[in-house]
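Here's the letter readout for the chains.
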Amino acid sequence: QVQLAESGGGLVQAGGSLRLGCAASGNIFSIDAMTWFRQPPGKERELVASISSGGSTNYAASVKGRFTISRENAWNTVYLQMNSLKPEDTAVYYCHALLKSGAFVISGPWGQGTQVIVSS
């Protein structure tokens, strides 16, 4: 099993930066990709960024050029560096693992979420 724990959320002024971390533990060698999602107040959860086992990254259009996803020591920790933050980035941020299961990739665990508040 894999467990995820986020850290690094907080309150920041518009234009500022935060770095979120997602620490993975357990059977981390089963991880195929990691993603960051966010859920703004009163809205649906949305994909923010993803990183594959090969290091390929993808970003939502709304954060491209401002956010960077990276990982340390394989899957031990995945980061989301958030720069030039805007009030609309206010949300609970979650990391999520996609796991290898034989020839397939399946949805894995979610972290508990970390709150990011961007003040104008």
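J.: I keep staring at the side chain of S50 and nothing clicks. Help me out?
T.: Along the chain, S50 falls in strand β5 (residues 46-52). In this structure S50 comes out as buried when scored by relative accessible area, which is 15%. Once residues within four sequence positions are removed from consideration, S50 is found in contact with M34, T35, S56, T57, N58 and I69.

J.: What is the right way to read the pattern of salt bridges from this model?
T.: Any two side chains of opposite charge can pair if their charged atoms end up close together. Going through the model one piece at a time under the given rule, you end up with three salt bridges. Across the pair D89 and R66 runs a salt bridge whose closest N-O atoms are separated by 2.8 Å. Of this pair, D89 sits in the loop between β8 (77-82) and β9 (91-101) while R66 sits in the loop between β6 (57-59) and β7 (67-72), and the two are 23 residues apart along the sequence. Comparing D89 with R66, the two get one shared label, buried. Among the charged side chains, a salt-bridge network with shared partners connects R38, E46, R66 and D89.

J.: What should I look at first to understand the packing of aromatic side chains in this one?
T.: Each pair of aromatic rings is reported with the distance of its centres and the angle of its planes. Considering all chains together, one arrives at two aromatic pairs under this definition. Ring geometry for Y94 versus W110: centroids 6.4 Å apart, planes at 85 degrees, classification edge-to-face. Placement of the pair is Y94 in strand β9 and W110 in strand β10 (residues 104-110), with a sequence separation of 16 residues. Each residue in the set F37, Y94 and W110 is aromatic and connected to the rest through ring pairs, giving one cluster. A cation sits over an aromatic face here: R19 above Y79, 4.0 Å from the ring centre. Stacked on the ring of Y94, the Lys or Arg R45 has its end atom at 3.8 Å from the ring centre.

Rules of the game
Residues numbered from 1 in each chain as written. Predicted model: local features only at pLDDT ≥ 70, side-chain atom pairs only at ≥ 80, totals over all residues. Heavy atoms only, no water. Helix = DSSP H or I, 4+ residues; strand = E, 2+ residues; numbered from the N terminus. Buried < 20%, exposed > 50% of the residue type's maximum accessible area, 1.4 Å probe, protein only. Contact = heavy atoms within 4.5 Å. Salt bridge = Lys/Arg side-chain N within 4 Å of Asp/Glu carboxyl O. Phe/Tyr/Trp six-rings, centres within 6.5 Å; stacked < 30°, edge-to-face > 60°. Lys NZ or Arg CZ within 6 Å of the ring centre and 35° of its normal.

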